[in-house]
Amino acid sequence: MAASRYAADPPDAMRRVELEGLTLLYHRTSGLTHFLAPPAPEILDALAAGPASAAEVAASIGERFEIESEDPAAAIAARLAELEAAGLVWRT
Amino acid sequence: MNHVFGLKVGPVSFRIGSQWRGPVAALRRLYAGYPEPDGVCDFTVRLEAERIWRRWLRPSVAIRGDYVLPDAAPLPLAQGLLAAEMGMNLQMALGQKRFLLLHAASVERDGRALLLTGHSGAGKSTLAALLGERGWRFMGDEFALLDLEDGRLHPFPRAVSLKNESLGLLNGMDPGRLGPVLEGTPKGTIRHLRPNPEAVARMGEAARPVLILFPRFGRGLEPAVREVGAAEAFMRLTQASTNYVALGERGFDALARFVGALPSKAIDYADTAQAEALIDDLWPAA
Amino acid sequence: MRDARLLVRLLAEPDRAGEVRDWTSLIALARAESLIGSLAWRLEGLDLPAPVEALLEAARRDGEAARVQALWEAEMARRALAPLGIPVILLKGTAYAAAGLEAGRGRSIGDLDILVPRRGLPDVERALLAAGWEWVKEDSYDDQYYRRWMHELPPLIHRERDRMIDVHHAILPLTARPRPDMAAMVADRAPLADGLFTLSPPDMIVHAAAHLFADGDLAGGLRNLWDIDRLLREFAERDPGFWTALRERANRHGLLATVERAVRLAHHLYATPANWGQLTVADRLYCRRLVARDGWGRAKRPLTRLGFYIRSHWLRMPPLLLARHLWVKARKARR
Amino acid sequence: MSEKSDSVDENGGTLPSRRVVLALGAAAASTVVTIRPALAQTAGSVLNCEIPVPAPQAGSGNFIAADGSLVPPGTPGAYPPLSRPLKGEEVRAMLNGGRAPAGVNGEAAQAYANYIRRLQAGMSGFTCYASLQMPR
């Protein structure tokens, strides 16, 4: 089975304000406000380029950051599931 | 409706209709000196019998109006004034969309406003009423209205509702400013206090907010001050607002600007003298 | 203000706003009829007293927020149901908003209403439950009653977003006497850009009319009739053959009389450009019922209302079934 | 997030910029919190409300199990419906301090409290419950 690919709204569908290391995000499509902790904003940044699988998201983040995690794949999958439940990403 | 009363409080006007004379007579006394609505009212409140016969037989007042909550329970006619107050609060909580509505008290000095917010029992009403008699201008004890365009606070100086232990504050107060003692209400004994003439005369003057306080009251608490981060303040204020979500992006922008521009602090106090001292300490730096 | 006639007149002819003497009553009445958003849009740009304009501006923004929320709920349902490959047809307010129709402007939108083919119901139910929706009611009688006799699943609510969804497989209860051709309705659906659908224009009117008269006691009827006026104007403007298509379609669903009455009432109250004959005696009773609200927002004419309430139950169920329904409800109330 | 000073890569060259360390969090951690509408604090000042236990539309004859779920009448260990709706203040006391309403024993009160916590929008009593909840 092919891995799920995830998509996110384009950056102009969101208003982001940084407050003390957290990202306050207003999602125009839903009218909802979310508080995001790292790495959720970085995942949205990675998806701004277009749909990607969890592994591709991890790779893209790895290019910009030094990743600190026991199990990066599981952690990214868990973060994507949270973003999906909030409606910020969806499976294509 | 048989008895009608119009009332303007800050930038908001109400039309209150009642099937009984009592509640409207009490409102007229309590709000003597308040301006009348100019032209159109933002909200309509109706005080009416739940069932036709309940107008005469053990009369009870159902709180109705433009916006209603299905679970609201009626009050005995003797508490009609409280029903009117709750009716106005309900319209604000459910229907106010012109301002970001914060469940908070506010007072002003030298054109700068202090916002006090926290859940029931934190002492906002008592503190605002007290400060309003001691050189501050009382702006409101229940709702603060944040302007979505310019970020200023609009006054909403309704009568202060004091409960139970706080009633001591009314000792020595001009009896002409007091409402009737309402006993046995769902919140205990309640008595209303009309804000002083300055607060009423200046109800049209908005003020720039400079400090947010989250007071916490408790016997045995040591007086203390704690910094509240902007993110926490944002979160807490969304939960203190009934219309934050409904205002959409404008609410988001207004609130993000608000918490970004102002210091927020939590204060603990065990009596009003301690709270006053803490506020006096914090105010000059704000 | 003794009834809602002034509100009706202003919706039809906004230029007469200068005649309003009592804005407070008009606004209370419009709020009570859920027409404040529609009124605010109709009066946009007119020279109104500043406090009135401020209130209407807030109502327009509020309507916009409601639209965003309703479309979001539809999108979340789409994401949950997309893997099933079943057509999902938006109904009522959400459909008007999603299709960008004038009827959706400023309209308050409550629950999300969707229509799916009846054979797809079990899958839809499972997919929604898996995506965070939960049953609102736990009573088994109501549940059976819904499944056996109604045209929709028992209502579901999303546990995070607190929004309800009504999943219909027909536009009228299965017990109602007219039996619309649901297969035809589903087959003629109109696609939206995102993979969801609405009903075809004639079916949208048929559904709105059926909803107005046959399904309910005419509560909120003024707003539902306003929907019909807006839809009729827009569809007729787009397609000159629309009126004929509407008659044919209504006839096919066994709802011609219902649609005709809706058109007559809309013409009478909102000056919809379609003269489908004189008002009947019954029509006049409907009009009385529709405008029965005063300037304090209070419902008037309790007897007229009661008559319509009884009638609404009568229409939904054959008499024997109705008796059984009322009997079970009464026994439950006594327990 | 923290920053590491310039590091040397495997080829012996210096990376052009400092790399930011990004912790991905444990699988069970939570990084998204959504703001929900609040009638919250306006609570007591706004209304004097009542909560029927259970809500009529949830089946008024049903009993309430210890975890607050509805079960058929007579289920062992479950509690009968309350004959009168609870007042907002009674509910607040029950939820906050565990104080039982007059005429209700402690264990039953626990079950009723759990029932109220499970109320959902659309059910009788929900708006009252929502308005009684306090922000954390």
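This structure is a prediction, so every number in the text was calculated from the model and none was measured. (Residues numbered from 1 in each chain as written. Chains lettered and ligands numbered in written order. Predicted model: local features only at pLDDT ≥ 70, side-chain atom pairs only at ≥ 80, totals over all residues. Heavy atoms only, no water.)

Visitor: If you had to explain the interface of chain D and chain A to someone new, which residues and values would you point to?
Guide: The parts lose accessible area when they come together, and the size of an interface is often stated as this lost area. Between chain D and chain A, the contact holds 19 residues from the first and 27 residues from the second. When chain D packs against chain A, close to 2000 Å² is buried across both sides, 57% of that on carbon and sulfur atoms. A per-residue breakdown of the area chain D buries against chain A is headed by Leu22(D), Leu24(D) and Thr31(D), which together make up 35% of the total. Counting across the chain D and chain A interface gives zero salt bridges. Between the two partners, chain D and chain A, sit 11 residue pairs in polar contact (both at pLDDT 80 or more). No other element matches the four residues that strand S2 (residues 20-23) of chain D contributes to the side of chain D that touches chain A. Looking at the side of chain D that touches chain A residue by residue, the classes come out as 13 nonpolar, four polar and two charged. Summarising the sheet, strand S4 (residues 32-36) of chain A and strand S3 (residues 32-34) of chain D pair through three bridges and their orientation is antiparallel. Within S3(D), the residue paired with His34(A) across the bridge is Thr34(D). (Contact = heavy atoms within 4.5 Å. Buried area = accessible area lost by both parts, 1.4 Å probe. Salt bridge = Lys/Arg side-chain N within 4 Å of Asp/Glu carboxyl O. Polar contact = N/O pair within 3.5 Å; in protein donor to acceptor, adjacent residues only side chain to side chain. Helix = DSSP H or I, 4+ residues; strand = E, 2+ residues; numbered from the N terminus. Nonpolar A, V, L, I, M, F, W, Y, C, P; charged D, E, K, R; others polar. Pairing = 2+ DSSP bridges.)

Visitor: Before we move on, could you go through the packing of aromatic side chains and cite the residues and values that matter?
Guide: Scanning the entire structure with this criterion turns up 17 aromatic pairs over all chains. Summarising the aromatic geometry, the rings of Tyr26(A) and Phe252(B) are spaced 5.5 Å apart at their centres and angled 45° between planes, so their arrangement reads as tilted. Within this pair, whereas Tyr26(A) is found in strand S3 (residues 22-27), its partner Phe252(B) is found in helix H6 (residues 244-261), the two belonging to separate chains. For the pair shown, Tyr26(A) and Phe252(B) are each scored as buried. With a centroid separation of 6.5 Å and an interplanar angle of 70°, the aromatic rings of Tyr79(D) and Tyr112(D) are classed as edge-to-face. In this pair, Tyr79(D) is assigned in the loop between strand S6 (70-71) and strand S7 (86-87) and Tyr112(D) in helix H3 (residues 106-117), connecting sequence segments 33 residues apart. Each member of the pair, Tyr79(D) together with Tyr112(D), is buried. Of the aromatic side chains, those joined through ring pairs into one cluster are Tyr26(A), Phe35(A), Phe234(B), Tyr244(B) and Phe252(B). The aromatic ring of Trp296(C) is capped on one face by Arg15(B), whose charged end is 3.9 Å from the ring centroid. (Phe/Tyr/Trp six-rings, centres within 6.5 Å; stacked < 30°, edge-to-face > 60°. Buried < 20%, exposed > 50% of the residue type's maximum accessible area, 1.4 Å probe, protein only. Lys NZ or Arg CZ within 6 Å of the ring centre and 35° of its normal.)

All quantities given are derived from atomic positions and should not be read as evidence of function.
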